[in-house]
Amino acid sequence: MTDALLPNGIKDGGGDNSYFKKGCNPFAQTGRSKLQNTRASLNQQIIKQMRMRAGAENLLKATSNNKVKEMVFLELSYVNSNLQLLMSQLEGLNSSVEVYQSSQELANIPLIALGLKETKEVDFSAPFKDFILEHYSEDGKNFEDEIADLMDLRQACRTPSRSEAGVELLAKYYSHLPLIESRFFPPTRQTGIFFTWYDSFTGVPLCQQNLSLEKASILFNMAALYSQIGTRANRQTVAGLEEAVSSFQKAAGVLNHLKETFTHTPSYDMSPAMLSMLIRLMLAQAQECLFEKMALPGIRNQFYSLMKMAQEAAKVSEIYDQVHQCMIQTPVKDNVPFFWSTMSQIKANHYRSMAHYFVASALLDHQLGPSDDEDQQEKTLSQVYDCLPDGHTPLEILKNKDERQRIGKAHIRRAILGHEEALRIYNLCKHINKLDVLQEILKASHQRSLDKYSENENEEEFADYMAAPDIISKTEHKAEMEVPGTTKVKVIDFFQRLGPLSVFSAKQRWTAPRTVRVHSEDRDLGFTLKGDSPVQVVSLDPLCAAAADGLKEGDYIIAVGDTECKWMGVSDVMRLLKDVDKEGIDIQVVSMMESNPAMPTKSATFCGNLPKTYSMICLAYNDDDKNSKSRKVAKKSSFLSWGLKNKMKSASTLSLPTADNSSTRS
């Protein structure tokens with residue numbers, strides 16, 4: 001099940017010759033593609049049911065007729081029932097972990113991958129063309145290729161390949177978004193472009209007019225893609241396990257970056273509580289893969305090796321315990337799949353039982369002999385327990401064969417009970433019951449503990465059911481968050497022909513270009529130029545011919561004759577002006593205007609619990625309308641819950657410095 005790549009590429013903006021691959025073919029019949037297509041279909045069904053519920057609720061508020069109310073209540077019960085069914089199906093998709101596992105995976109516990117967030121298509125064409133004409137005073141038709149490249153890039157990001165190339169594709173689009181925001185999203189008004197993304201856990205759509213949701217969702221999908229790469233790695237090899245560890249650590253790093261950067265994204269799957277849980281989950285799976293890497297060559301049946309692996313297994317168990325605690329807390333428990341919390345609980349019990357099995361094996365199989373290092377074994381045992389059983393010292397336990405047997409059997413009994421608990425939890429979740437590999441591993445571990453207990457069982461011995469002490473968790477290699485360098489990719493602005501962003505951005509306002517005739521009088525044009533690009537007129541002689549023709553102090557020169565010079569520096573512009581004679585030459589200039597103070601921007605957001613968490617502006621979209629390009633969005637103020645626009649901490653702009661000290665007199 002490999003991701004088929006489309007053969008054609010998309011040309012990168014800005015006129016360079018580099019190409020990047022499109023995402024995987026959305027029609028490819030891979031398990032992953034089928035899963036995402038099913039997710040998209042469920043999202044559409046959920047939005048239709050929510051439209052019906054919103055209409056019914058509004059009718060209830062508007063009518064006083066009891067018969068009508070009874071009919072509406074009946075309809076609402078059907079709609080809510082259908083919604084619950086659709087949510088259950090979506091939970092089943094999030095529980096389909098076998099699709100993301102390696103095809104060679106036959107002996108390891110399955111790992112959990114995040115599904116990609118789905119989004120609707122966005123048509124930038126008409127709004128961008130209008131804005132270019134209105135704001136930049138240029139013909140928007142001249143930028144059709146750039147707009148098409150941007151739309152192709154966004155479309156490809158909906159189906160990224162499950163590889164580093166797919167992550168780079170998302171990162172490329174993410175790096176373009178601050179540039180697009182600076183070019184086309186003024187702080188004083190809305191552009192009329194709506195970005196709709198679906199919650200990956202509930203399928204509930206969220207619609208906003210600003211780019212905050214778009215940026216956050218792309219970051220989430222980058223983390224999801226890293227998690228899928230991690231689960232897809234071949235964990236039967238050291239290289240595969242290292243790839244899995246790195247991928248899960250990068251997924252955690254991207255999720256943490258998302259959590260710290262976009263603090264108020266009104267989507268459950270990107271809420272701080274949910275992101276904190278997902279970060280813990282990714283690190284837990286990375287730690288699990290580190291344990292598997294240590295165990296891959298085989299665990300030596302030797303006292304120190306067994307004790308070391310016991311503490312490593314206890315560490316994995318401890319982290320999964322923390323993950324499970326996060327999953328059962330409100331509001332996370334209302335949205336996280338039951339499969340996930342069950343799986344984390346199973347792993348916590350399984351690895352804790354393994355830790356007790358290793359300690360039991362070390363105590364039962366390795367008696368302290370004359371050639372053994374007493375001090376080293378004593379130190380090792382003292383580091384395994386926080387509190388020694390029955391107040392014994394480590395050396396007493398090591399030297400007393402009966403005491404070693406007694407404590408060892410207590411550990412093996414606890415291992416058996418833990419494995420039985422893991423099997424019991426396994427049978428509680430219908431989605432986990434499909435994972436035969438997991439059941440085989442749990443049963444094999446349980447049987448191994450039973451066999452170990454049988455080997456050391458003495459029928460004549462008095463039954464002593466002492467409780468085995470807890471094992472201190474410890475690891476030599478702790479999983480840490482890793483922010484991948486791909487979150488910041490250097491890109492070339494698609495719309496760089498509009499001019500340097502330091503001047504020609506959406507937040508700046510300037511006059512329409514006007515033509516000024518420049519004459520040379522005794523080799524002097526009557527003004528000075530400064531700055532990088534675009535160059536600015538300073539020290540203007542009010543009596544010169546250019547000033548008389550309308551040139552002003554502080555004007556930016558954007559063209560000399562037929563040559564556009566928005567990106568030219570002082571020396572290049574001077575080269576164009578050096579041969580000006582008495583007849584003169586026409587230059588085009590613009591004057592900067594004072595910008596209006598930024599006003600709070602409104603954006604549609606969630607409001608309240610699940611029945612009310614639908615951004616009702618989505619109701620204005622007609623999904624069945626095939627002519628999406630001509631479709632218009634009607635704003636219904638009664639449906640909306642408006643909030644202040646969140647500040648965007650990660651928005652960055654491409655600006656070019658101005659060298660004020662680089663003035664040149666003409």
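Residues numbered from 1 in each chain as written. Predicted model: local features only at pLDDT ≥ 70, side-chain atom pairs only at ≥ 80, totals over all residues. Heavy atoms only, no water.

*Asks:* What is the right way to read the environment of Arg-154 from this model?
*Replies:* Take Arg-154: it is sitting in helix H4 (residues 144-156). On the basis of relative accessibility, which here comes to 4%, the residue Arg-154 falls in the buried class. It is 8.4 Å that separates the C-alpha atoms of Arg-154 and Glu-121, two residues lying 33 residues apart in sequence. Sequence-distant contacts of Arg-154, that is, excluding residues within four places in its chain, are made with Thr-119, Lys-120, Glu-121, Val-122, Phe-124, Tyr-173, Phe-195, Trp-197 and Glu-214. (Helix = DSSP H or I, 4+ residues; strand = E, 2+ residues; numbered from the N terminus. Buried < 20%, exposed > 50% of the residue type's maximum accessible area, 1.4 Å probe, protein only. Contact = heavy atoms within 4.5 Å.)

*Asks:* What is the right way to look at the side chain of His-411 in this model?
*Replies:* Residue placement: His-411 occurs in helix H13 (residues 401-426). The exposure class assigned to His-411 is buried, which follows from its relative accessible area of 0%. When near neighbours in sequence (up to four residues on either side) are disregarded, His-411 contacts His-356, Val-359, Ala-360, Leu-363, Tyr-385, Ala-468, Pro-469 and Ile-471.

*Asks:* Would you mind showing me how to read the pairing of strand E4 (residues 205-208) here?
*Replies:* Successive residues of a regular strand alternate their side chains across the two faces of the sheet. Because side chains alternate across E4, one face comprises the buried residues Pro-205 and Cys-207, and the other comprises Leu-206 and Gln-208, equally buried. The loop that links strand E3 (residues 195-198) with its antiparallel partner E4 comprises 6 residues; one of these, Gly-203, has a positive phi angle of about 75 degrees. (Pairing = 2+ DSSP bridges.)

*Asks:* How should the nonpolar core be read in this particular structure?
*Replies:* One recurring pattern in soluble globular proteins: nonpolar side chains tend to sit buried together. Core analysis: the biggest nonpolar cluster contains 134 residues, and Phe-128, Leu-278, Trp-340 and Phe-495 have the highest contact counts within it. With 15 residues, the single largest contributor to this core is helix H10 (residues 338-365). With residues near it in sequence (within four places) discarded, Phe-128 still touches Ile-147, Leu-150, Ile-180, Phe-184, Phe-185, Ile-193 and Phe-495. Residues Leu-529, Val-573, Val-580 and Ile-587 belong to the second largest nonpolar core, which totals 22 residues. (Core = buried A, V, L, I, M, F, W, Y, C linked by side-chain atoms within 4.5 Å.)

*Asks:* Can you help me understand the pattern of salt bridges in this one?
*Replies:* Any two side chains of opposite charge can pair if their charged atoms end up close together. For the structure shown, the criterion picks out 24 salt bridges. Of the charged contacts in the structure, one is a salt bridge between Arg-183 and Asp-493, with a shortest N-O distance of 2.8 Å. Pair noted here: Arg-183 is in helix H5 (residues 164-184) and Asp-493 is in the loop between helix H14 (436-455) and strand E5 (509-510), with a separation of 310 residues, a long-range link. Note on accessibility: Arg-183 and Asp-493 belong to one class, buried. (Salt bridge = Lys/Arg side-chain N within 4 Å of Asp/Glu carboxyl O.)

*Asks:* Would you take a moment to explain unusual backbone geometry for this structure?
*Replies:* What is expected of a backbone is that most residues other than glycine have negative phi and most peptide bonds are trans. Look at the link from Thr-330 to Pro-331: it is a cis peptide, with omega at 5 degrees. With respect to the helices and strands, Pro-331 occurs in the loop between helix H9 (303-327) and H10. The omega torsion across Ser-533 and Pro-534 is -5 degrees, close enough to zero to call that bond cis. Counting through the fold element by element, Pro-534 comes out in the loop between strand E7 (528-530) and strand E8 (536-538). Its identity is not glycine, yet Ser-137 carries a phi of approximately 55 degrees, on the positive side.

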